[in-house]
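One letter stands for each residue in the lines below.
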Amino acid sequence: MNKNDYAPIAPMGWNSYDYYDTTVNEEQVRANAAYLAEHLKDAGYEYVVVDIEWYAKKAGSQRNTYQYIPYSELAIDEYSRLQPDPERFPSSADGTGFKALADYVHSLGLKFGIHIMRGIPRIAAHTHMAVKKTDWTANQIADPSSICGWNPDMYGVRNCEAGQAYYDSLLEMYAEWGVDFIKCDDICNTNIYPHNPYSASHEVEMLAKAIKKCGRSVVLSLSPGPALIEKAWHYENNANMWRITDDFWDDWKLLKNMFERCELWQNQVSRGNYPDCDMLPIGKLGKGFGEERDTRFTKDEQRTMMTLWCLFGSPLMIGAELTKLDEWTLGLLTNKKVLSMLTPDCKPHQIARDDNQAAWSAHNEKTGQTYVALFNLSEEVQIVNADIECIIGADGRCLFEPDAGLSLEELWTGKVDSAETAVSAELAPHSCVVYEVK
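The rules behind these values
- Residues numbered from 1 in each chain as written.
- Predicted model: local features only at pLDDT ≥ 70, side-chain atom pairs only at ≥ 80, totals over all residues.
- Heavy atoms only, no water.
- Buried < 20%, exposed > 50% of the residue type's maximum accessible area, 1.4 Å probe, protein only.
- Helix = DSSP H or I, 4+ residues; strand = E, 2+ residues; numbered from the N terminus.
- Pairing = 2+ DSSP bridges.
- Expected span 1.5 Å × (residues − 1).
- Contact = heavy atoms within 4.5 Å.

(A) Inspection of the pairing of strand β21 (residues 432-437) at higher detail. Here β21 lies mainly inside the structure; six of its six residues are buried. Side-chain alternation along β21 places Cys 432, Val 434 and Glu 436 on one buried face and Val 433, Tyr 435 and Val 437 on a second face that is also buried. Bridge count between strand β16 (residues 370-376) and β21: six bridges; the pairing is antiparallel. Directly across from Leu 374, in β21, lies its bridge partner Val 433. Here strand β18 (residues 406-410) runs beside β21; their pairing, made up of three bridges, is antiparallel. Looking at β21, one finds that Glu 410 is bridged to Tyr 435.

Below you can see the structure in the form of structure tokens.
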């Protein structure tokens, strides 16, 4: 099966990181999965992803000093493969890993995902643990010169036959568990090595090969960013998602910068290949970081973020604690007219951008639908325009003639307007409008 068939549209779902950091447990995952199934599945959200450190014992217990406790005790099997911490994930205590939790998620009509760090556990290398179906041991395939600058758990894996066998054994196990989605970290940009920020490219290929062998359609997401535009071809050959930013949080400066990143990557969005703007930091956030709080984004900024993510074609992974979503935020996430832009058939195109404003269009090649979004990036109320002749299709042709008499439906409010020579709106600071143009 072609890996692009694993994700025919940009993946949508929930990820535990923004609220729980390293501390999420099975009860919390189940609660969020149940909420997703009841309130968000009909809008297209389907992935439930357990993020970082699910294998680390006492994770989060030293949060004031360490996000990732140095050389902490890890749950691991005889073949150097990390296992869920049974204290936090009690259904794993029988040795079947995440299978029971994945079965529950699947029973809701959803898909199950996990975060992994690239490489092999350092403790496995230090104690010469076995590598399944080989005569090699972990220390022989581990590369101690390849490490992560911010997480102490792993060594990189050498580019060798036994290294591939290790990754094959991981995916064999994940397939047995019922994993549908893997977010692999410290691999999209190995930024501890400024002169070789894609030093783990062979491990991307190893993961891709292991997925093909495992007999399950597993979506591969690469983190962290920023992804390297000159390596776009390699991401596209091996993965389904790759982060175009470092961790994205609820800070206007980071959101404004995403317009520049989306401009860089706009031509790389296609079926099964999604430059990833990172999670949506909305609703309740931060409990695992020691500060449960509401998102710092204003409502206007949240609409701007959702509009850009959808029009650009980024995956949508919700970072909030879902069981605490308010009605406004739920409405933001489930606006089906806005979500209709989130298809690789809808090709994004930046019309114009400067420090104060931006204009984008997108054209769905299959349905003929066309969208125009106007964004006020400044701190003042201003009018933002997009000339009709700048609304173009994938082939570069203008989609509408000047003075054509266009009808505009604003997708957030439902308000209907018209335009002759330009699409225009007076916008509050950090706000936007997005129109379907007819």
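(B) Molecular detail of the sheet that holds strand β5 (residues 142-147). Ordered by their spatial adjacency, three strands build an open sheet running β4-β6-β5, and the pairing between neighbours is antiparallel. Two strands in the sheet have a free side with no partner beyond their single neighbour: β4 (120-121) and β5. Of the strand pairs in this sheet, β5 and strand β6 (residues 154-157) are connected by three bridges, and their pairing is antiparallel. By the bridge assignment, Ala 142 is partnered in β6 with Val 157.

(C) Examining helix α2 (residues 26-39) more closely. For α2, which comprises 14 residues, the first-to-last C-alpha distance of 20 Å matches the rise-based estimate of 20 Å (1.5 Å per residue) to within 8%. Within the span of α2, buried status applies to Glu 26, Val 29, Asn 32, Ala 33, Tyr 35, Leu 36 and Ala 37.

(D) Structural view of the pairing of β16. In terms of residue burial, β16 counts as a mostly covered element, since seven of its seven residues are buried. Burial of β16 is two-sided: the residues Thr 370, Val 372, Leu 374 and Asn 376 facing one way and the residues Tyr 371, Ala 373 and Phe 375 facing the other way are all buried. Judged from the seven bridges that link them, strand β15 (residues 357-364) and β16 form a sheet pairing that is antiparallel. Opposite Ser 361, over in β16, you have Val 372 as the bridge partner.

(E) Spatial organisation of the environment of Val 24. Tracing the sequence through the fold places Val 24 in the loop between α1 (17-20) and α2. Here Val 24 falls in the buried class, since its relative accessible area comes to 1%. Separated by 36 residues in the primary sequence, Val 24 and Gly 60 have C-alpha atoms spaced 9.5 Å apart. With near-sequence residues (within four places) excluded, Val 24 lies in contact with Ser 16, Val 29, Val 50, Arg 88 and Phe 89.

The values reported here are purely geometric and, on their own, carry no functional implication.
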